[in-house]
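Given next are the chains, with one letter for each unit.
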Amino acid sequence: MDLKHSSSTAIFCLLLLFCVGCRCWPLEIEATQTATLKVDASPQLARKIPETLFGIFFEEINHAGAGGIWAELVSNRGFEAGGSNTPSNIAPWSIIGDDSSVFVATDRTSCFSRNIVALRMEVLCNDCPVGGVGVYNPGFWGMNIEDGKAYNLVMYVKSPETTDLTVSLTSSDGLQNLASAMKTVSGTSNWTKVEQKLVAKGTNRTSRLQITTNKKGVVWLDQVSLMPEDTYKGHGFRTELISMILDLKPRFLRFPGGGFVEGEWLRNAFRWRETIGPWEERPGHFGDVWHYWTDDGLGYYEFLQLAEDLGAAPIWVFNNGISHNDEVDTVAIAPFVKDVLDSLEFARGSADSTWGSVRAAMGHPEPFPVKHVAIGNEDCRKKFYHGNYLKFYNAIRQAYPDIQMISNCDGSSRLLDHPADLYDFHVYTDSKTLFNMRSTFDRISRSGPKAFVSEYAVWRSDAGRGSLLASLAEAAFLTGLEKNSDIVQMASYAPLFVNDNDQTWNPDAIVFNSWQHYGTPSYWMQTLFRESSGAMIHPINISSRYSSSLAASAITWQDSENSFLRVKVVNFGSDTVSLTISTSGLQASVNALGSTATVLTSGNVMDENSFSNPSKVAPVKSHLCNAAKQMQVTLAPHSFTTFDLALAQSKLVAEM
């Protein structure tokens, strides 16, 4: 960036550049528009933003969980994905050898009653090929195996005769052997649990797990799991993907959907009690909304654990007896109500309670602090929703009076005709519309339940796979939510994750494959709002004939050492803007040395990030050398800029 050379301020900035190796915010750039932004930071007009304002929504979509944040490397580990009728499809498992040397088929002989299907492998060859015959699993579009890292294999095996099995991690064609071990299975009619740590001697991004033998005979396999040893806090999550979430500093975790909760049909809806207990005993289910099988290793318990690991409040979205295509009549909803009460006892009950004891047995004797539940997802217009809703609401209110309940019915356009603590507000639209929605909640009644903007995003034509343009509109929308946070309690972007191999829904905040990941512009935009929850919001006013292309907000926040006034400004237009920021009522002086400007922009509004260029559109931070209560700054076309003015210690800290 160019510096203004004709002032002593510029000389100071140049010295600062020399000292810290960071660029200064430009003091002069030719601008085609002018604007004034006035911030009233007086304490009497400040209002505290809810601690819960910005969080995340995780849905099992785009293989976000299975083959995503859940680190299990084996796909269809229990051979259940093909259905309970046998023989069945075992994909993505495949054979090593040919039909003259090995015959595999599923049968119903598993030792696990809730997932009865197992794989029967009959070795037909007396003189088997070198390396043996058997089966392999490529995982989710290839397993990422890295040199020096350990992988824990668990599988259940049965063989009437003593047999040696070789378990190996290899390249996708089987030619590169990364790790290998031989396990002897004693001849018995009972199932045996086999465990083996495999340490990789090489890296391959598209590896597979092989199970082979050279001995003629029959072997049964079931519940084959391969987990990296280095998961986040040892809880089964991919560390690098969780790190991306942590950088957002989410205050809540809404889970597990979305349409995933409902199902196209109720028989395929998410059932919490089928996803708890030992992983080997979980039956898994086909998510028919997003069209793939999940083994449910990432279940209700794991979501609660993830919320705890993130330091985020769990928001449990449960099925209320309604799917996309069928509904339970309110007169028959009582078993579903009991099921949800049981789920809350599992989360919140004492370790001596019926369901709390199950949680304790899983390793978490202390209750999880579930204080928010959503009764269904996007079901307001369904025939039995209102009747079912009241049954759930009344039962939960009686059993857990402190739990906040969220209605699917939008209370922003008209008052709800039923009790609720919050209501869902979902918006997926084009960038221009969302930008213009920055004032939507200005006009909402301040009485009644508060809003939970649980799903928002720009999508379709001008979103691409995550464009700069989309992120600018979303940033403008969020400044409106900040200013209306007296009525808007929480907000989260959707969807959060997409596996690059399953782009069912675009765009998303975080893109990944088996070994790479990057944030879209919408992800980086959210990082600039991570200090807003619990901060103080201040009134602002923009004066400009260009104001219809601008959006802004101002907060004061503090980290462990310093306090800041943060002014966020979105320039949604194609003109450069010379902006005067004037602050009044601020009970502290501004320290230019600790002040910064951060800008999110790019050369083209449709620019996106990618694996090859993950930071093409990412925030760039510079020193704000002219930081003051009144200052002149320049806004680039199509940009989102935050100005953090470092404040001297004062009464401000006490006010916050």
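Remember, it's a predicted structure, so these values are computed and weren't measured experimentally.

**A look at the overall build of the chain**
Thought 1: In terms of regular secondary structure, the chain is built from 11 helices and 35 strands.
Thought 2: For 656 residues, the compact-globule formula gives about 26 Å, and the C-alpha radius of gyration of the chain, at 28 Å, lands near that figure.
Thought 3: For the chain, the spread of C-alpha atoms along the three principal axes comes to 90 × 65 × 45 Å.
Thought 4: Expressed as a percentage of its 656 residues, the buried residues of the chain come to 58%.
Thought 5: When contacts within the chain are restricted to residue pairs at least 6 apart in sequence, those whose partners lie at least 24 apart make up 76%.
Thought 6: For the chain, the exposed area adds up to about 25,300 Å²; of that, 50% sits on carbon and sulfur atoms.
Thought 7: Side-chain charges in the chain split into 54 positive and 69 negative, and the spacing between the mean points of these groups amounts to 5 Å.

**A word on the state of the cysteines**
Thought 1: Evaluation of the coordinates by the stated rule reveals two disulfides.
Thought 2: A sulfur-sulfur distance of 1.9 Å marks the disulfide that ties Cys-125 to Cys-128. Taking the torsion about the S-S bond as the criterion, the Cys-125 to Cys-128 disulfide, at about 90°, is right-handed.
Thought 3: Classification of Cys-128 as buried rests on a relative accessible area of 12%.
Thought 4: Each disulfide pairs two cysteine sulfurs, and for Cys-380 the partner residue is Cys-409, the sulfurs being separated by 2.1 Å. Looking along the S-S bond of the Cys-380-Cys-409 disulfide, the torsion reads about 100°, which is the right-handed sense. Of this pair, Cys-380 sits in the loop between strand 19 (372-375) and helix 7 (385-399) while Cys-409 sits in the loop between strand 20 (404-407) and strand 21 (422-429), placing them 29 residues apart in sequence.
Thought 5: In this structure Cys-380 comes out as partly exposed when scored by relative accessible area, which is 22%.
Thought 6: Cys-409 sits in the buried class, given a relative accessible area of 4%.

**Regarding helix 9 (residues 468-483)**
Thought 1: Counted at 1.5 Å a residue, the expected span for helix 9 with its 16 residues is 22 Å, and the 23 Å between its end C-alpha atoms agrees.
Thought 2: Where burial is concerned, most of helix 9 is hidden: 15 out of the 16 residues are buried.

**What about unusual backbone geometry?**
Thought 1: The amide bond that connects Thr-86 to the next residue, Pro-87, takes the cis arrangement and shows omega of -5°.
Thought 2: You can see Pro-87 is positioned in the loop between strand 3 (56-57) and strand 4 (94-96).
Thought 3: The phi dihedral of Gln-223 falls on the positive side, at around 45°, and the residue is not glycine.
Thought 4: Positionally, Gln-223 belongs in strand 14 (residues 217-228).

**A few points about the layout of surface pockets**
Thought 1: Computed from the structure, the largest pocket encloses a volume of approximately 580 Å³.
Thought 2: Lining the largest pocket are 28 residues, and of these Trp-70, Met-227, Gly-234, Gly-236 and Trp-279 sit closest to its centre.
Thought 3: Among the elements of the structure, strand 9 (150-159), strand 12 (188-199), strand 14 and helix 4 (300-310) are those that each provide at least two residues to the lining of the largest pocket.
Thought 4: Taken together, the residues that form the lining of the largest pocket break down as 10 nonpolar, 10 polar and eight charged.
Thought 5: Counting residues domain by domain, the lining of the largest pocket receives three or more from each of domain 2 (55-70 + 232-501) and domain 3 (94-228).

**Considerations on the pattern of salt bridges**
Thought 1: Taken as a whole, this structure holds 28 salt bridges when the rule is applied.
Thought 2: Put simply, Arg-566 and Glu-531 hold a salt bridge, and the shortest N to O gap is 2.9 Å. Here the residue Arg-566 occupies a position in strand 30 (residues 563-571), and Glu-531 occupies one in the loop between helix 10 (521-527) and strand 27 (536-538), the gap between them amounting to 35 residues. Just as Arg-566 is buried, Glu-531 falls in that class too.

**Concerning the sheet that holds strand 12**
Thought 1: Strand order in this open sheet of five strands is 5-6-14-9-12, and the pairing throughout is antiparallel. Bordering the open sheet on either side are strand 5 (102-107) and strand 12, each of which pairs with just one other strand. Neighbour-to-neighbour, the strand axes of this sheet turn through a mean angle of 30°, independent of strand direction.
Thought 2: Across five bridges, strand 6 (residues 118-123) lies against strand 14 in antiparallel orientation. The partner of Arg-120 across the bridge, within strand 14, is Trp-220.

**Observations concerning the confidence of the model for the chain**
Thought 1: Summary statistics for the chain give a mean pLDDT of 93 and a share of 94% for residues scoring 70 or more.
Thought 2: Within the model, pLDDT remains below 50 along residues 1-22, and this stretch shows 28 contacts once partners closer than five positions in the same chain are excluded.
Thought 3: A low-confidence stretch, residues 650-656 stays under pLDDT 50, and its non-local contacts, those more than four residues away or across chains, total 15 contacts.

**Section: the packing of helix 5 (residues 334-348) against helix 6 (residues 354-361)**
Thought 1: At their nearest, the axes of helix 5 and helix 6 sit 7 Å apart, and the two run at 45° to each other. In terms of axis orientation, helix 5 runs oblique to helix 6. Between helix 5 and helix 6 lies a crossing of right-handed hand. Between helix 5 and helix 6, the residues in contact are Asp-342, Glu-345, Phe-346, Ala-347 and Arg-348 and Thr-354, Trp-355, Gly-356, Val-358 and Arg-359, respectively.

**Structural notes on the nonpolar core**
Thought 1: Phe-441, Phe-477 and Phe-497 are the most contacted members of the largest nonpolar core, which totals 116 residues.
Thought 2: Of all the elements, helix 9 adds the most residues to this core, at 10 residues.
Thought 3: Leaving out residues up to four positions away in the same chain, Phe-497 has contacts with Phe-58, Ile-61, Asn-62, Ala-64, Ile-69, Leu-241, Ile-245, Asp-508, Ile-510 and Phe-512.
Thought 4: Of all hydrophobic cores here, the second largest spans 36 residues; its members include Ile-90, Leu-119, Ala-179 and Ile-211.

**Topic: the UniProt feature "domain: Alpha-L-arabinofuranosidase C-terminal" (unreviewed entry) in the chain**
Thought 1: Mapped onto this structure's residue numbering, the UniProt feature "domain: Alpha-L-arabinofuranosidase C-terminal" (unreviewed entry) falls at residues 454-639.
Thought 2: In residues 454-639, the share of helix is 12% and the share of strand is 40%. The end C-alpha atoms are 25 Å apart.

**Description of the packing of aromatic side chains**
Thought 1: In the structure shown here, the tally under the stated rule is 36 aromatic pairs.
Thought 2: Consider the rings of Tyr-456 and Phe-477, whose centres lie 5.9 Å apart with planes at 50°: the pair is tilted. With Tyr-456 in strand 22 (residues 450-458) and Phe-477 in helix 9, this residue pair connects regions lying 21 residues apart in the sequence. Exposure class is identical for Tyr-456 and Phe-477. Each is buried.
Thought 3: Positioned over the ring face of Tyr-136 is Arg-208, at 3.9 Å from the centre of the ring.

**Re the sheet that holds strand 23 (residues 488-493)**
Thought 1: Spatially, eight strands are ordered 3-15-18-19-20-21-22-23 in an open sheet, and the strand pairing comes out parallel. Two strands bound the open sheet, and with one partner strand each, they are strand 3 and strand 23.
Thought 2: Here strand 22 pairs with strand 23 via four bridges, running parallel. Looking at strand 23, one finds that Tyr-456 is bridged to Tyr-493.
Thought 3: Helix 9 contacts strand 21, strand 22 and strand 23 of the sheet and is inclined by roughly 170° relative to strand 22.

Rules behind the numbers
- Residues numbered from 1 in each chain as written.
- Predicted model: local features only at pLDDT ≥ 70, side-chain atom pairs only at ≥ 80, totals over all residues.
- Heavy atoms only, no water.
- Helix = DSSP H or I, 4+ residues; strand = E, 2+ residues; numbered from the N terminus.
- Rg over C-alpha atoms; globule rule 2.2 N^0.38 Å.
- Buried < 20%, exposed > 50% of the residue type's maximum accessible area, 1.4 Å probe, protein only.
- Contact = heavy atoms within 4.5 Å.
- Areas by Shrake-Rupley, 256 points an atom, 1.4 Å probe, with all protein chains shown as cover.
- Lys, Arg positive; Asp, Glu negative; His and termini not counted.
- Charge placed at Lys NZ, Arg CZ, Asp CG, Glu CD.
- Disulfide = S-S within 2.5 Å.
- Expected span 1.5 Å × (residues − 1).
- 1 Å grid on protein atoms, 1.4 Å probe; cavity = no way out; pocket = protein on both sides within 12 Å on 5 of 7 lines; lining within 4 Å.
- Points joined across faces, edges and corners; volume = space filled by probe spheres on them.
- Nonpolar A, V, L, I, M, F, W, Y, C, P; charged D, E, K, R; others polar.
- Domains from an automatic or database assignment.
- Salt bridge = Lys/Arg side-chain N within 4 Å of Asp/Glu carboxyl O.
- Pairing = 2+ DSSP bridges.
- Axes fitted to C-alpha atoms, helices over the stretch in contact; angles between N-to-C directions.
- pLDDT = per-residue confidence, 0-100.
- Parallel < 35°, antiparallel > 145°, perpendicular 65-115°, else oblique.
- Left-handed = near helix turned anticlockwise from the far one by under 90°.
- Core = buried A, V, L, I, M, F, W, Y, C linked by side-chain atoms within 4.5 Å.
- UniProt positions renumbered as here; feature names shortened; annotations may be inferred.
- Phe/Tyr/Trp six-rings, centres within 6.5 Å; stacked < 30°, edge-to-face > 60°.
- Lys NZ or Arg CZ within 6 Å of the ring centre and 35° of its normal.

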